[in-house]
Amino acid sequence: GAVVSQHPSWVICKSGTSVKIECRSLDFQATTMFWYRQFPKQSLMLMATSNEGSKATYEQGVEKDKFLINHASLTLSTLTVTSAHPEDSSFYICSARPPLLNYGYTFGSGTRLTVV
Amino acid sequence: KQEVTQIPAALSVPEGENLVLNCSFTDSAIYNLQWFRQDPGKGLTSLLLIQSSQREQTSGRLNASLDKSSGRSTLYIAASQPGDSATYLCAATNTGNQFYFGTGTSLTVIP
């Protein structure tokens, strides 16, 4: 149990286009999901907290108009990278916490975005 | 703001050796601490979760300890195997459920 599915696992897009990444909790409801970004050889950095039914909370320095987050249901959060540029190329990972505390946090398998 | 540091940044050991990975955090008011494994180009696999009221957790060859007062956690790997080669990340969570990740330790176990 406690599985988070992330799709797609990798995507290549042209500069200027938009890309949507989905994060689904498969066997539990998640009122809160988190989106992280990881640059090569660096650790994960929190981008934003996605809240079901309300606006996301963005970390300082993260452009909310560029990284659109929608958490329309208790099992799905989406991250849309708008007008992507090569510097947006990165590894994006989402996470959620199942209701039972001892599960800790579960992470998706990540999405490798390459903007050309 | 919580800062999490991991030492060493990279470690290379021969197969069969026991090893310890270190994680330190600046704010002792954590909710829990979690250790993850990340293989190249992959997502995170949760290894062990230690709640703030606990001092250690064990799973197979892995043992993680937590000392909140000193702001430290260690991950002990017994009888290392080549399949253990990966990057190990520790992360501290606060009451807001926000993760603060360490910089990671890249482990290579040499056959």
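Our subject is the structure listed above.
Since the model is a prediction, treat every value here as computed from it, not as a measurement.

Q: I would appreciate a short explanation of the side chain of Asp88(A) in the present structure.
A: All names here are of chain A. If you trace the backbone, Asp88 turns up in the loop between strand E8 (76-81) and strand E9 (90-96). A polar contact is formed between the side chain of Asp88 and the side chain of Lys66, at a distance of 2.8 Å. Apart from the residues within four sequence positions on either side, Asp88 is in contact with Lys66, Phe67, Val81, Ser83, Leu113 and Val115.

Q: How should I be thinking about the pattern of salt bridges in this particular structure?
A: Close approach of charged atoms allows side chains with opposite charge to pair. Residues and elements named next belong to chain A. Scanning the entire structure with this criterion turns up four salt bridges over all chains. Arg24 is paired through a salt bridge with Glu22; the nearest N and O atoms lie 3.5 Å apart. On the basis of relative accessible area, Glu22 is assigned to the partly exposed category, the value being 25%. Close ionic contact of Lys66 with Asp88 constitutes a salt bridge, the shortest N to O distance being 2.8 Å. In this pair, Lys66 is assigned in the loop between strand E6 (57-58) and strand E7 (67-73) and Asp88 in the loop between E8 and E9, connecting sequence segments 22 residues apart.

Q: How should I be thinking about the environment of Glu56(B) in this particular structure?
A: Residues and elements named next belong to chain B. Assignment of secondary structure puts Glu56 in strand E6 (residues 56-59). Its relative accessible area of 47% is what places Glu56 among the partly exposed residues. In this structure Glu56 touches Ile50, Asn63, Ala64 and Ser65, once residues within four positions along its chain are discounted. Among the polar contacts made by the side chain of Glu56, one reaches the side chain of Asn63 at a distance of 3.1 Å.

Q: Any chance you could explain the interface of chain B and chain A here in plain terms?
A: Interfaces are often described in size by the accessible area the parts lose on coming together. Listed as interface residues are 20 residues of chain B and, on the opposing side, 19 residues of chain A. Surface buried jointly by chain B and chain A totals about 1,500 Å² across both partners, of which 57% is contributed by carbon and sulfur atoms. For the pair chain B and chain A, the interface holds zero salt bridges. Taken together, chain B and chain A are joined by three residue pairs in polar contact (both at pLDDT 80 or more). Of all the secondary structure elements, the ones that give two or more residues to the side of chain B that touches chain A are strand E4 (32-38), strand E5 (44-51), strand E9 (86-93) and strand E10 (99-101) of chain B. Per element, the largest residue contribution to the side of chain B that touches chain A is four residues, and it comes from E5(B).

What counts and what doesn't
- Residues numbered from 1 in each chain as written.
- Chains lettered and ligands numbered in written order.
- Predicted model: local features only at pLDDT ≥ 70, side-chain atom pairs only at ≥ 80, totals over all residues.
- Heavy atoms only, no water.
- Helix = DSSP H or I, 4+ residues; strand = E, 2+ residues; numbered from the N terminus.
- Polar contact = N/O pair within 3.5 Å; in protein donor to acceptor, adjacent residues only side chain to side chain.
- Contact = heavy atoms within 4.5 Å.
- Salt bridge = Lys/Arg side-chain N within 4 Å of Asp/Glu carboxyl O.
- Buried < 20%, exposed > 50% of the residue type's maximum accessible area, 1.4 Å probe, protein only.
- Buried area = accessible area lost by both parts, 1.4 Å probe.

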